[in-house]
Amino acid sequence: MSSDPRFHGAVKRLKQIPKVYMVLSSKGGVGKSIVSTLLSYYSSLKNTPTGLLDLDFTNPSTHIILGFRPEELSYREEKGLEPFKIGKLSYFSIISFTKDNPLVLKGEEARNVMREVLSIVNWVGVQKLFIDTPPGLSDEQLEAIYNLKGLVKPIVVSTPHKLSIQSVSRLVRILRDAGVSEIILVENMGSGELKTFADSEGLKYAGYIPFVENIEECIGSISKLENCRIREYFEAILTKI
Amino acid sequence: MVHEWALAESIVLFLENNGFRKVKSLKIGLGILQSIDKEIFSFSLQELLREKGFSVEKLEVVDEGAELACHTCGFRWSLSPESMDEAIRESIHFVPESIHAFAKCPRCGSRDFTITQGRGIRIVEVLPG
């Protein structure tokens, strides 16, 4: 059992949320942040109190997708920190503290930030929490895979490209070795071709999001998100997870 | 109630999960980098201990100086939150590692440094009763 008190606080807070999803990919550029942000926002529009936590501390970008500047985000102190509210979406990103300054975080320090954030942010009432993570396999993912397993469900994002598939296969092996049985796969920038791969790996295939020529049409403001022409694909995925 | 409550709650959860219901001595270190309000923290901790029926004979909350070390040139330096701008101090109060967004090594300018001590809250000692 961890001797870090914050770990105990983090576990308690995560246990209070019925569904916690950690959006992962060991490959960069597959669209994790867009997937986690749009899934969480569309979930909140379905009248489900939903949370979005940006754990990509060194390169946070979910606020850009939602269309908020760092100085517009603020948190109320109430037995911890209450997330920023966007309708029924509760949102937290470290960007409100670091502004747009570069942040160099190595190993244990990234784990420290994760524990601090998970132990102080108060997700009261949230039914589903989506956690966006940085690419690769660093301390944030390892903490979730090994120390928080059973509390968070992994959603692995992959494009149909073989470089991404290869990388996902390695990630799946790590998750399986850690005893994670249910792994959800979301195919991004595809057309359904990863269903066969998911079946062969024993993953739960939640659906695909097609490639859009100009993703800027869908991100950068709440109204763009709401009128995004690929919204139906995210909504279909939400019915499967 | 402010965020010190959440920090105190983590300490109580640690005691609870490790079976320390009766404690002879509990010593908590508060890293000065995080500018935790000692009075509010101690009040929150005592309230939570009382609510959950814990018995702590001796409770000590001590300040710990902040020290940083540069990985590039090896320079070590101490930092006091009082010398910082209010907005920066508040950011560090919630997430001490935010210091990386605002500080550089005073000797070589590198951003590659670590907080070696005094980052935030820690349990220094627990003696069961």
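These remarks concern the structure in this document.

### A word on the overall build of chain B
- The helix and strand tally for chain B stands at three helices and six strands.
- In chain B, the order of α-helices and β-strands from amino to carboxyl end is α-β-α-β-β-β-α-β-β.
- Relative to its full complement of 129 residues, chain B shows a buried share of 36%.
- Taking as baseline every contact in chain B between residues at least 6 positions apart, the subset at least 24 positions apart corresponds to 82%.

### So, the environment of Leu66 of chain A
Residue and element names in this part refer to chain A.
- Tracing the backbone shows Leu66 in helix H3 (residues 62–66).
- Counting along the chain gives 154 residues from Leu66 to Gly220, while the straight-line C-alpha distance between them is 5.5 Å.
- Excluding residues that lie within four positions of it along the chain, Leu66 makes contacts with Thr37, Ile86, Tyr91 and Ile222.

### Brief notes about the packing of helix H5 (residues 107–120) of chain A against helix H6 (residues 139–147) of chain A
All names here are of chain A.
- Axis separation between H5 and H6 bottoms out at 8 Å; the angle between their running directions is 60°. One finds that H5 runs oblique with respect to H6. Of the two elements, H5 crosses H6, and the hand of that crossing is right-handed. Side by side, H5 and H6 meet where Gly107, Glu108, Ala110, Arg111 and Met114 of the first sit next to Asp139, Glu140 and Glu143 of the second.
- Looking at the contact of H5 with H6, its residues break down into two nonpolar, one polar and five charged.

### Details of the pairing of strand E4 (residues 76–79) of chain B
Residue and element names in this part refer to chain B.
- Here four bridges tie strand E3 (residues 66–70) to E4, and the two strands are oriented antiparallel to one another. Each bridged residue has a counterpart across the sheet, and for Glu67 the counterpart in E4 is Ser78.
- Between E3 and E4, which pair antiparallel one after the other, the connecting turn spans five residues, and Gly74 there sits at a positive phi close to 85°.

### Points about the sheet that holds E3 of chain B
All names here are of chain B.
- Here we have three strands laid out as an open sheet, ordered E4-E3-E5, and antiparallel in their pairing. The outermost strands of the open sheet, each flanked by one partner alone, are E4 and strand E5 (113–117). Averaged over all adjacent pairs, the angle separating strand axes in this sheet is 35°, with direction ignored.

### Topic: the interface of chain A and chain B
- The interface of chain A with chain B comprises 28 residues on the first partner and 25 residues on the second.
- Put simply, the parts of the chain that give the side of chain A that touches chain B at least two residues each are helix H1 (5–15), helix H4 (95–98) and H5 of chain A.
- Sorting elements by how many residues they give to the side of chain A that touches chain B places H5 of chain A first, with seven residues.
- Its residues placed into classes, the side of chain A that touches chain B shows twelve nonpolar, eight polar and eight charged.

### Details of the sheet that holds strand E2 (residues 50–54) of chain A
Residues and elements named next belong to chain A.
- Pairing within the open sheet is mixed, and its eight strands lie in the order E5-E6-E2-E7-E1-E8-E9-E10. Two strands lie at the open edges of the sheet, namely strand E5 (84–86) and strand E10 (204–209), each paired on one side alone. Neighbour to neighbour, the strand axes of the sheet diverge by 25° on average, direction disregarded.
- When E2 meets strand E7 (residues 128–132), the two strands line up parallel, connected through five bridges. Bridge pairing links Leu52 to Phe130 in E7.
- Across the face of the sheet, helix H2 (residues 32–45) comes into contact with strand E1 (19–24), E2, strand E6 (89–93), E7, strand E8 (153–158) and strand E9 (184–188) while running at roughly 165° to E7.
- Across the sheet, helix H10 (residues 231–238) touches E9 and E10, and the angle it forms with E10 is around 170°.

### Things to note about the packing of H1 of chain A against helix H1 (residues 4–17) of chain B
- Viewed as axis vectors pointing N to C, H1 of chain A and H1 of chain B meet at an angle of 95°, and their least axial separation amounts to 7 Å. As far as their axial angle goes, H1 of chain B and H1 of chain A are roughly perpendicular. Contacts between H1 of chain A and H1 of chain B involve Pro5, Arg6, His8, Gly9 and Lys12 of chain A from the former and Ala6, Glu9, Ser10, Ile11, Leu13, Phe14 and Asn17 of chain B from the latter.
- Its residues placed into classes, the contact of H1 of chain A with H1 of chain B shows five nonpolar, four polar and three charged.

### A word on the pairing of E2 of chain A
Residues and elements named next belong to chain A.
- Counting buried positions over the five residues of E2 gives five, a clear majority of the element.
- Residues Thr50, Leu52 and Asp54 line one face of E2 and the alternating positions Gly51 and Leu53 line the opposite face, and both faces are buried.
- Pairing between E2 and E6: five bridges, direction parallel. Bridge pairing in E6 links Thr50 to Leu89.

Definitions and cut-offs
Residues numbered from 1 in each chain as written. Chains lettered and ligands numbered in written order. Predicted model: local features only at pLDDT ≥ 70, side-chain atom pairs only at ≥ 80, totals over all residues. Helix = DSSP H or I, 4+ residues; strand = E, 2+ residues; numbered from the N terminus. Buried ≥ 20, exposed ≤ 12 C-beta atoms within 10 Å, placed from the backbone. Contact = placed C-beta atoms within 7 Å. Axes fitted to C-alpha atoms, helices over the stretch in contact; angles between N-to-C directions. Parallel < 35°, antiparallel > 145°, perpendicular 65-115°, else oblique. Left-handed = near helix turned anticlockwise from the far one by under 90°. Nonpolar A, V, L, I, M, F, W, Y, C, P; charged D, E, K, R; others polar. Pairing = 2+ DSSP bridges.

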